[in-house]
Amino acid sequence: MKSIIKITAYFTVLIIGVEGVFAQEIIPDTVVVDSIATKDSLGIATDSLKIVKEPVKEPFKRTKIDGVAAVIGESVILDSDIDIAYQQLLSEGVSQGDVSRCELAGSLFENKLYAHHAVQDSIVVRDAEINSMVDQQLAYMTNELGTIEKVIRYYKKDNVEDFKKELFEINKSNRLSELMRTNIIEDIEITPEEVREFFDAIPEAERPLFGTEVELAQIVIEPEIPEEEEQKVVDRLNQFREDIVENGSSFATKAVLYSQDPGSKSTGGKYTLDRKSGFAKEFKDVAFSLQEEEVSEPFKTEFGWHIVKVDRIRGEEIDVRHILLVPEVTRTSVENAKKQVDSLRNVLVAGTIDFKEAARKFSDEKETKEDGGQLINPTTGDTRFELTKIDPILYDQVSKLKTNDVSLVIPDQDRQGRKKFKLITVLNRYDEHIADYSKDYLKIQELALRKKQIDAIRKWQNEKIMDTYVKVNGDYRDCEYSGNWLKKEK
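So, here's what we can say about the structure. (Residues numbered from 1 in each chain as written. Predicted model: local features only at pLDDT ≥ 70, side-chain atom pairs only at ≥ 80, totals over all residues. Heavy atoms only, no water.)

## Let's talk about the packing of helix 3 (residues 127–145) against helix 5 (residues 160–185)
As a reminder of what qualifies: Each axis is a line fitted through C-alpha atoms, and for a helix only the stretch in contact is used; angles between axes span 0 to 180 degrees, taken between their N-to-C directions. Per the convention used, a helix needs a DSSP run of H or I reaching at least four residues, while a strand needs a run of E reaching at least two, with both numbered from the N terminus. Orientation is classified from the angle alone, with under 35 degrees giving roughly parallel, over 145 giving roughly antiparallel, 65 to 115 giving roughly perpendicular, and any other angle giving oblique. Left-handed describes a crossing whose near helix is turned anticlockwise from the far helix through less than a right angle; right-handed describes the clockwise counterpart. Contact between two residues is taken to exist if any of their heavy atoms lie within 4.5 Å; hydrogens are not considered. Residues were grouped as follows: Ala, Val, Leu, Ile, Met, Phe, Trp, Tyr, Cys and Pro as nonpolar; Asp, Glu, Lys and Arg as charged; and all remaining residues, including Gly, as polar.
Contact geometry for helix 3 and helix 5: axes closest at 9 Å, N-to-C directions at 120°. In terms of orientation, helix 3 lies oblique with respect to helix 5. Between helix 3 and helix 5 lies a crossing of right-handed hand. Here Asp127, Glu129, Ile130, Asn131, Met133, Val134, Asp135, Gln137, Leu138 and Met141 of helix 3 lie close against helix 5, whose contacting residues are Phe163, Lys164, Leu167, Phe168, Asn171, Lys172 and Arg175. Looking at side-chain class alone, the contact of helix 3 with helix 5 contains eight nonpolar, three polar and six charged residues.

## Focus on the nonpolar core
Quick note on the threshold: Side-chain atoms within 4.5 Å link the members of a nonpolar core, which is a set of buried Ala, Val, Leu, Ile, Met, Phe, Trp, Tyr and Cys residues. Here the term buried applies to any residue with accessible area under 20% of the maximum for its type, exposed to any over 50%, and partly exposed to those in between, with areas from a 1.4 Å probe on protein chains only.
Counting 41 residues, the largest nonpolar core has Ile72, Phe109, Phe163, Val472, Tyr476, Tyr481 and Trp485 as its most contacted members. Secondary structure elements with two or more residues in this core: strand 3 (68–72), helix 1 (79–91), helix 2 (101–120), helix 3, helix 4 (148–154), helix 5, helix 14 (441–467) and strand 15 (470–472). Excluding anything up to four places from it in sequence, Phe109 contacts Ala70, Ile72, Ile77, Val472, Tyr481 and Trp485. Judged by nonpolar contacts, the second largest core, of 17 residues, contains Ile219, Val334, Leu344 and Leu423.

## Considerations on helix 11 (residues 355–362)
How we decide: Taken from the helix axis, the directions to the C-beta atoms give the arc we talk about.
Taken residue by residue, helix 11 has Phe355, Ala358 and Ala359 as its buried positions. The arc that holds every buried residue of helix 11, seen down its axis, measures 105°, which confines them to one face.

## Concerning the sheet that holds strand 9 (residues 304–314)
Applied cut-off: Strands were regarded as paired on the criterion that DSSP finds at least two bridges between them.
One open sheet accounts for four strands, arranged 7-10-9-8; its pairing is antiparallel. Edge positions in the sheet fall to strand 7 (270–273) and strand 8 (299–301), since each of these pairs with one other strand and no more. The mean inter-strand angle of the sheet, taken between neighbouring strand axes irrespective of direction, is 45°. Judged from the nine bridges that link them, strand 9 and strand 10 (residues 317–325) form a sheet pairing that is antiparallel. The residue bridging Val310 from the neighbouring strand is Val320, located in strand 10. With respect to the sheet, helix 3 is in contact with strand 7, strand 9 and strand 10, its orientation differing from that of strand 7 by roughly 160°. Here helix 8 (residues 251–258) sits on the sheet in contact with strand 9 and strand 10, set at roughly 45° to strand 10.

## A look at the pairing of strand 3
Consecutive side chains of a regular strand alternate in pointing toward one face of the sheet and then the other. In terms of burial, strand 3 is largely enclosed, as five of its five residues are buried. Alignment of strand 3 against strand 4 (residues 75–78), held across four bridges, turns out to be antiparallel. In the strand pairing of strand 4, Val68 is matched with Leu78. Where strand 3 folds back onto strand 4 in an antiparallel hairpin, the turn is made up of two residues, including Gly73, whose phi is positive at roughly 65°. In this structure, strand 3 lies alongside strand 15, joined through three bridges in antiparallel fashion. Each residue of the ladder has a partner; that of Ala70, found in strand 15, is Val472.

## Things to note about the packing of aromatic side chains
We count it as follows: Aromatic pairs are defined between Phe, Tyr and Trp rings, using the six-membered ring for Trp, whenever the two ring centres lie within 6.5 Å; interplanar angles under 30 degrees are classed as stacked, those over 60 as edge-to-face, and all others as tilted.
All chains considered together, the criterion is met by nine aromatic pairs. Ring centres of Phe240 and Tyr258 lie 4.9 Å apart, and the angle between their planes is 25°; this geometry places the pair in the stacked category. A residue pair is termed long-range when its members are at least 10 positions apart, and Phe240 in helix 7 (residues 227–247) and Tyr258 in helix 8 qualify at 18 residues. Here Phe279 and Phe283 contribute two aromatic rings whose centre-to-centre distance is 5.5 Å and whose plane-to-plane angle is 20°, an arrangement assigned as stacked. Overall, Phe283 belongs to the buried group, its relative accessible area being 3%.

## Examining the packing of helix 7 against helix 8
Two numbers describe how helix 7 lies on helix 8: the axes approach to 10 Å, and their chain directions differ by 150°. In terms of orientation, helix 7 lies roughly antiparallel with respect to helix 8. Where helix 7 crosses over helix 8, the handedness of that crossing is right-handed. For the pair helix 7 and helix 8, contact is made by Arg236, Phe240, Asp243 and Ile244 and by Phe251, Lys254 and Tyr258, respectively. Class assignment of the residues belonging to the contact of helix 7 with helix 8 gives a composition of four nonpolar, no polar and three charged.

Without other data, these values stay purely geometric and don't point to any function.
In structure tokens, the structure reads:
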């Protein structure tokens, strides 16, 4: 499942009935018709009569509005929640045969159980963190669908505020669940003896096959931004600021029209943050130095140039709006960077300079240059990348490289869409092989630790199920779950 924030929207429902049976009986009101002129059987007019029509008895109809799949603690899981989760998986390309409604239901049950006990254990989730998630999700959805109005219609909501409240609750529950899982396993460690026991318990014929892995380093060359382009951006932001402060123009409107931040542009540049929020340090320093309604001078971060306005201060949290402008990279700068990276590749291929030394001297990527350009796998935290799991574009460049070979120049873009260029080398290559205890100790240790953590989570889950109010309804009682959600005696 992709690491882009995905959304499950809850719907407001009317629940009628008991234990998952929802029905409504429609009985028309008695109809009274006054002063209708009639004739008797001989055709002689009679006085006006009051005719009373008896109620028409409709057959009893049951109309399912939305069923309760389960109640976990104080949380209700609806049939529609499972429907939406299922449709989202399908939209992500997951085959219908790969996941069942029962599996989805069990996953939602677990999530609510963790969230419930996170609250019981006084695990705190900051509102600013969740509000920031909601803002980014709305911005992403708006970017995908075109306008916020289209987003509201697509998710069948009445207004933006109600939708934001629902997204807030969903994200808060998910975050509590995540923190509870972390809390369960954070103190779990594994000894070398346990790793050896884990490995020895695997029959030789069933030992895992590790795919080809590589250790990589890269050099990144970014085109220089001319000073005049930087100054253009600063001057424009100063014009915006003057128009807002002196003439009363709307900051939010200018953000919608001109900001180059896709994460907040559609919401008028709005973010909620506190000191621990994951924003650039320079951004937070400026934002927290302002009073309500104050607009900052232009300032720079790694993303470009900003001005910030504080809408509201709530203790440790603040609501801000910002406008981001990114200086243009000229064609001449791009051409110069391309010439530089071509020349650098030539001396690397000739062996005139070592790749790691060149990275320390010439690379523009701050995160890797001091380590000689060596890349860290963000998934595992180590230096190895399984070849079949790396980015397809990168795979095409490095799959045929031998150790110490240098790739062709790879065009790339930064987060603002500005061009840059890369050179990549393979520091070490580990071909596909059956797991070997001495060669693959760290991987085997990771597998052993993961199993121990899973066992601990499963044990915690089954104990908490017995201590928590759990009610599973309807067809979901026929599912086979990994957890004892039906509380059957064993």
